[in-house]
Amino acid sequence: LVISMCCFGLMAVFSASAPEALSSYQDSTAYLRKQGIACAIGLFLMFTLSKHDYRKLKALAWPLTIASVLLLALTLVPNLSVTAKGSSRWIPLGPIQFQPSELAKVATILLMASGLSKYFWWHTRVYMRIAVVLAMAAIVVKQPDLGTTLMIVGTLLSMLYVSGINTMLILSALGAGGVVVWHHVQKTPYQMARIQTWLNPNLNPQKEGWNIIQAQLAIGSGGLWGVGFGHSLQKLYYLPVQHADFIFAVIAEEFGLVGCLVILGMFGMFAYYGFKTALQAKTLFGRFLAIGITSQVSLQALVNIMVCTGLLPVTGITLPFISYGGTSMVITLAMVGILLSISRDRGQTEEDDEENDTVVERRA
C-alpha cells in the first residue's frame, strides 16, 4: 500500500513540478530526481527497520529527543538555517537541506510511547516528557511553522487519549490550546490574514486568498474523471507550491473525483491497518508506537486534504508519501518501517513481560 502511494506520488510530483523545474533548472525532471532519491533512501530505511526489533528503539527515545531539540534550536540561529517564505525550518547539510521538525515528530512518538508503556499518564516522568514535547512544539512555532506544531501536539494528545486520560482533560487542553493558538495568530499578521481569507477568499484574491481560490479552481476543473495526467492548467504558475502543499489539487484536476476517492481510500486503508497493528501488538510500547505513527500520518493527510479543499486555513502541511519533500518522505517511510516491525512482532521478551505485568499491577 505504501509503495503504491510512493509510486503514485512520484508521478504526481513529476506532473506538478515539470513546468517550474524546466523554468528554474532547464530540466523538467529536477524535482522528480530529488524526490526519487529521497524515496529510495526512505524505502531502504523502511525495509531495514521492518526487519529489526522495534523494542530496541526504546533506548533511542531520549537521545533522539535531545538531538531534535538541539537541531530545532539551530533553526533559530541566524546564518545557520535556511529561510524560505519567511520561515526558518531547514538546516543546510552540504548539497541537501534537513528539516529538524520532521525528526521531532518521530522523537515525540518514541518519547511518549516509552513513557506511557511504563507509567500512568499522571506520573511525574510522563509529565516531564509532555513538557519536553511542548518545548519542541514551542520552538517550531518560533520558526514559524504552526502546521507542524499542530501535528506534534495532535500526536501527543492522541497518545494521551488512548493511555486512558480523562476525556474532559483532553477537551480542556484543546480549549486552552485553541486560546493560545488564537492569541499567537492575532499577533502574527500573515497567519491572521490566512484565517480571514479562509473565511472569505475573495477578501484579498490577489494575495492571501490566491492559494485557496486557485486550489478550488483546480479541484472543480477535474470533474468526475479529470483532464488527464499531465494536462493540469493550474500548475502552470497559477497554483503556488503545486508539487508540495497543494499537490492534492493538481491530482484532483488531472484524475478527477475518482482519483481523489482512490487517494482517500488508500489513506483510509493505511489508518485501518495501522490501528489494527496497534490492537494486535504484543507489548504496550509497540501499541503506543503504532498508535502514534498511524495517528500522525493519518492526521497529516487529513489536514492537507482539508486545506486544499478549503475546509481549513492554509497551514503548509504536505501530503504524506505523495508531496515533494525529501526529509518528510525519508522520515515518514522510516516510521512505516517501525510499524511493519510491530506488525511482524516475533513475540515478547522477558523484559517486556515484566514491564507489562508492572503496569497491570499499577492499574489494578
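Below: a short report on this structure. (Residues numbered from 1 in each chain as written. Predicted model: local features only at pLDDT ≥ 70, side-chain atom pairs only at ≥ 80, totals over all residues. Heavy atoms only, no water.)

Quick notes on the sheet that holds strand β2 (residues 87-93)
Our working definition: Two strands qualify as a pair provided that DSSP identifies no fewer than 2 bridges between them. The helix count covers DSSP runs of H or I at least four residues long, the strand count covers runs of E at least two residues long, and both are numbered beginning at the N terminus. Axes, fitted as lines to C-alpha atoms, cover a helix only where it is in contact. Angles between the N-to-C directions of the axes lie from 0 to 180 degrees.
Ordered in space as β1-β2-β3, the 3 strands form an open sheet in which the pairing is antiparallel. With partners counted over all chains shown, the strands left at the sheet margins are β1 (82-84) and β3 (96-98), one partner each. Neighbour-to-neighbour, the strand axes of this sheet turn through a mean angle of 45°, independent of strand direction. Note that β1 and β2 share 3 bridges and pair antiparallel. Counterpart to V82 in the pairing with β2 is W90.

Here we look at the pairing of β2
Every other side chain in a regular strand lies on the same face of the sheet, so the side chains alternate between the two faces. Here β2 pairs with β3 via 3 bridges, running antiparallel. Its bridge partner being in β3, I91 is matched across the sheet by F98. Linking β2 to β3, which pair antiparallel, is a turn of 2 residues; within it G94 sits at a positive phi near 70°.

Some words on empty space enclosed by the protein
Heads up, the condition is: Using protein atoms alone on a 1 Å grid, points that fit a 1.4 Å probe yet trap it form a cavity, whereas open point sets bounded by protein on both sides within 12 Å along at least five of seven lines form a pocket; residues with an atom within 4 Å of a point count as lining. Grid points are joined across faces, edges and corners, and a volume is the space filled by probe spheres set on the points. Each residue is assigned to one class: nonpolar for Ala, Val, Leu, Ile, Met, Phe, Trp, Tyr, Cys and Pro, charged for Asp, Glu, Lys and Arg, and polar for all the others, Gly among them.
Within the structure shown, the criterion is met by 2 cavities of 30 Å³ or more. Roughly 40 Å³ of internal volume is contained in the largest cavity. Taken together, E102, K105, Q296, V297, Q300, P320, T332 and M335 make up the full set of residues lining the largest cavity. Elements supplying a minimum of two residues to the lining of the largest cavity: α4 (100-116), α11 (284-308) and α12 (326-343). Per-element accounting of the lining of the largest cavity gives the leading share, 3 residues, to α11. Residues that form the lining of the largest cavity fall into these classes: 3 nonpolar, 3 polar and 2 charged. Empty space within the second largest cavity amounts to approximately 30 Å³.

So, the packing of α4 against helix α6 (residues 146-162)
Using the following cut-off: Convention used here: angles under 35 degrees read as roughly parallel, angles over 145 as roughly antiparallel, angles from 65 to 115 as roughly perpendicular, and any remaining angle as oblique. Less than a right angle of anticlockwise turn of the near helix away from the far helix marks a crossing as left-handed, whereas a clockwise turn marks it as right-handed. By definition in these notes, contact holds between two residues if any of their heavy atoms fall within 4.5 Å.
Two numbers describe how α4 lies on α6: the axes approach to 10 Å, and their chain directions differ by 15°. As judged from the angle between their axes, α4 and α6 are roughly parallel. For the pair α4 and α6, the sense of crossing is right-handed. On α6, the residues that touch S101, A104, K105, T108, I109, M112, A113 and L116 of α4 are T148, M151, I152, T155, L156, M159 and L160. In terms of residue class, the contact of α4 with α6 is built from 10 nonpolar, 4 polar and 1 charged.

A word on the pattern of salt bridges
How we decide: Within this document, salt bridges are pairs made up of a side-chain nitrogen of Lys or Arg and a carboxyl oxygen of Asp or Glu, the two lying within 4 Å of each other. Remark: exposure states derive from per-residue accessible area (1.4 Å probe, protein chains only) relative to the maximum for the residue type, with buried under 20%, exposed over 50%, and partly exposed in between.
One pass over the full model with this rule turns up 5 salt bridges. R55 serves as the salt-bridge partner of D53, at 2.8 Å between the closest nitrogen and oxygen. Classification of R55 as buried rests on a relative accessible area of 13%. K235 is the partner of E254 in a salt bridge, and the nearest nitrogen-oxygen pair spans 3.5 Å. Placement of E254 in helix α10 (residues 247-280) and of K235 in the loop between α9 (210-222) and α10 is noted, with a sequence separation of 19 residues between them. Given a relative accessible area of 6%, K235 falls into the buried group.

Concerning the side chain of R89
Considering the arrangement of structural elements, one finds R89 in strand β2. Here R89 falls in the buried class, since its relative accessible area comes to 15%. Dropping the residues within four chain positions of it, R89 is found in contact with T75, V82, F98, Q99, P100, Q143, P144, D145 and G316.

Here's the deal with helix α3 (residues 61-74)
Each turn of an α-helix holds 3.6 residues, which means side chains three or four residues apart point in the same direction. We count it as follows: A helix is expected to span 1.5 Å multiplied by its residue count minus one. Along the arc lie the directions from the helix axis toward the C-beta atoms.
Taking 1.5 Å as the rise per residue, α3 with 14 residues should run 20 Å; its terminal C-alpha atoms sit 20 Å apart, in good agreement. Among the residues making up α3, those that are buried are A61, T65, S68 and L72. Down the axis of α3, the buried side of the element spans an arc of 60°, and every buried residue falls inside it. Elements in contact with the buried residues of α3: α4 and α5 (124-142).

Quick notes on a nonpolar patch on the surface
To be explicit about the condition: Patch building starts from residues that exceed 30% relative accessible area and form no salt bridge, then joins like charges within 9 Å and nonpolar side chains (Val, Leu, Ile, Met, Phe, Trp, Tyr) within 5 Å. Each accessible area is a Shrake-Rupley estimate made with a 1.4 Å probe; only the visible protein chains count as cover when residues are assessed.
Nonpolar side chains collect at one region of the surface, where L224, W225, L257, L261 and L264 lie side by side and expose about 540 Å² of accessible area between them. Tracing the chain through its elements places W225 in the loop between α9 and α10.

As for the packing of aromatic side chains
Rules: Each Phe, Tyr or Trp ring (for Trp, its six-membered ring) is paired with any other whose centre lies within 6.5 Å, and the angle between the two planes then decides the class: stacked below 30 degrees, edge-to-face above 60, tilted in between. To sit over a ring, a charge needs its Lys NZ or Arg CZ within 6 Å of the ring centre and within 35 degrees of the ring normal.
Tallied over the entire structure, the rule returns 10 aromatic pairs. Between F8 and F255 the ring centres are 5.4 Å apart and the planes differ by 50°, which places this aromatic pair in the tilted class. With F8 in helix α1 (residues 2-25) and F255 in helix α10, this pair connects stretches of sequence that are 247 residues apart. Each ring, one from F229 and one from F255, has its centre 6.2 Å from the other, and the planes form 40°; the classification is tilted. Note that F229 is positioned in the loop between α9 and α10 and F255 in helix α10, a separation of 26 residues in sequence. Of the residues examined, F229 reaches a relative accessible area of 37% and is grouped as partly exposed. A connected cluster of aromatic rings, assembled from ring pairs, spans F8, F229 and F255. Over the face of the ring belonging to F285 we find K58, whose NZ or CZ atom lies 4.9 Å from the ring centre.

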